[in-house]
Each structure stands twice: as structure tokens, then as C-alpha cells.
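Chain by chain, the residues run as shown.
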Amino acid sequence: MTLDPEDSKIITLARAARARNDAKEGAAVRDETGRTYSATSVELASLRLSAVQVAVAMAVSSGAQSLEAAALVTAGEGAGEADEAVVRELGAKTLFVAGPDGTLRN
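A short tour of the structure in this document, coming up. Bear in mind the structure is a predicted one, so any value in this text is a computation, not a measurement. (Residues numbered from 1 in each chain as written. Predicted model: local features only at pLDDT ≥ 70, side-chain atom pairs only at ≥ 80, totals over all residues. Heavy atoms only, no water.)

### Focus on a nonpolar patch on the surface
For clarity, the threshold we go by: Put simply, a patch holds well-exposed residues, over 30% relative accessible area, that have no salt bridge, with like charges counted together within 9 Å and Val, Leu, Ile, Met, Phe, Trp or Tyr side chains within 5 Å. The Shrake-Rupley method, run with a 1.4 Å probe sphere, supplies the accessible areas, and residue values consider only the shown protein chains as cover. Put simply, a salt bridge is a Lys or Arg side-chain nitrogen that is within 4 Å of an Asp or Glu carboxyl oxygen. Only runs of H or I of at least four residues qualify as helices and only runs of E of at least two qualify as strands under DSSP, and these elements are numbered from the N terminus.
Taken together, the side chains of Leu44, Leu47 and Leu49 make up a nonpolar region of the molecular surface, amounting to roughly 230 Å² of accessible area. Take Leu47: it is sitting in the loop between β3 (42–43) and β4 (48–49).

Structure below.
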């Protein structure tokens, strides 16, 4: 599968976030204006958010009205229902899931 350069970019951003924080997963989203947001999962005793949820929250809190695409990089099984739901809620048709090496799974 050949990706659009902008889609490759969010996968790269998600990989970089994951590697930088030595996290289980990294995610990145692109909003309707082309701005990108990358994040890792948050696992505190009182708060648990997936990387996708954090990236979406960052986008929304920065004024994004919708998403064009999202990417998740994980060594785990992939996106959960909550991740898929929040991406769809903001209009993105695509949630790319890739392994730590950037290889797409879907």
C-alpha cells in the first residue's frame, strides 16, 4: 500500500512520540487545516488515556473541528473501540495502525 506523504508523516510522528517517551503506543492526528498533533498513552494511577485519545484531545483543545486522518503505532494488538469511535466522531475515515517499525497493519 502506498501512502499519501501526509499520511506517512503522521505515522512518522506517532513513531517518534512513542520512541521519545519509550511508551507502549504513540499516535498522531491531522486536523482539517493540516495541523498535526502527536502523543503517547497516559497511564497514571488516576488517569488512563490511549495515545489516540490524547492526540485527539490535544487537537480539539487547540480548536480543531474535524480530523482528516489518524495513526496509531503500537506493538500491541491495535486500536480499541474507543480509539476508533473518537476518530470517527471527528470525521476521520482512516485510522492507520502500524507496528513500531512503521509497517502498516491495515
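### Comments concerning the environment of Tyr37
Heads up, the condition is: Residue contacts follow a heavy-atom distance rule, with two residues in contact if any of their heavy atoms lie within 4.5 Å. What qualifies as a polar contact is a pair of N or O atoms within 3.5 Å, subject to a donor-acceptor requirement within protein and to the restriction that residues adjacent in sequence count only when both atoms come from side chains.
Structurally, Tyr37 can be placed in strand β2 (residues 36–40). For the pair Tyr37 and Ala51, spaced 14 residues apart in the sequence, the C-alpha separation amounts to 11 Å. Setting aside chain neighbours within four positions, we find Tyr37 in contact with Ala27, Ala28, Val29, Asp31, Ala55, Met58, Ala59 and Ser62. Looking at Tyr37, its side chain comes within polar contact range of the side chain of Arg35, at 3.2 Å.

### What about the pairing of strand β5 (residues 67–74)?
Short version of the rule: Exposure categories follow from relative accessible area, calculated using a 1.4 Å probe and restricted to protein chains: below 20% of the type maximum is buried, above 50% is exposed, and the middle band is partly exposed. Criterion used throughout: strands pair if DSSP finds at least two bridges between them.
Summarising burial for β5: seven of the eight residues are buried, a large majority. Judged from the seven bridges that link them, strand β1 (residues 25–31) and β5 form a sheet pairing that is antiparallel. Residue pairing across strands places Ala27 opposite Leu72, the latter belonging to β5. Where β5 meets strand β6 (residues 95–98), four bridges bridge the pair, whose relative direction is parallel. Bridge assignment links Ala71 to a residue of β6, and that residue is Phe96.

### A word on the pattern of salt bridges
Scanning all chains against the criterion turns up five salt bridges. Two residues, Asp7 and Arg30, come together in a salt bridge whose shortest N-O distance is 3.0 Å. Residue Asp7 is located in helix α1 (residues 5–21), and its partner Arg30 is located in strand β1; the two are separated by 23 residues in the primary sequence. For the pair Asp7 and Arg30, one class covers both residues: buried. It is possible to trace a salt-bridge network through shared partners that takes in Asp7, Arg30 and Glu68.

### Comments concerning the environment of Ala71
Within the fold, Ala71 resides in strand β5. The buried category is assigned to Ala71, whose relative accessible area is 1%. Distance from Ala71 to Arg30, taken between C-alpha atoms, is 9.0 Å for residues 41 residues apart in sequence.

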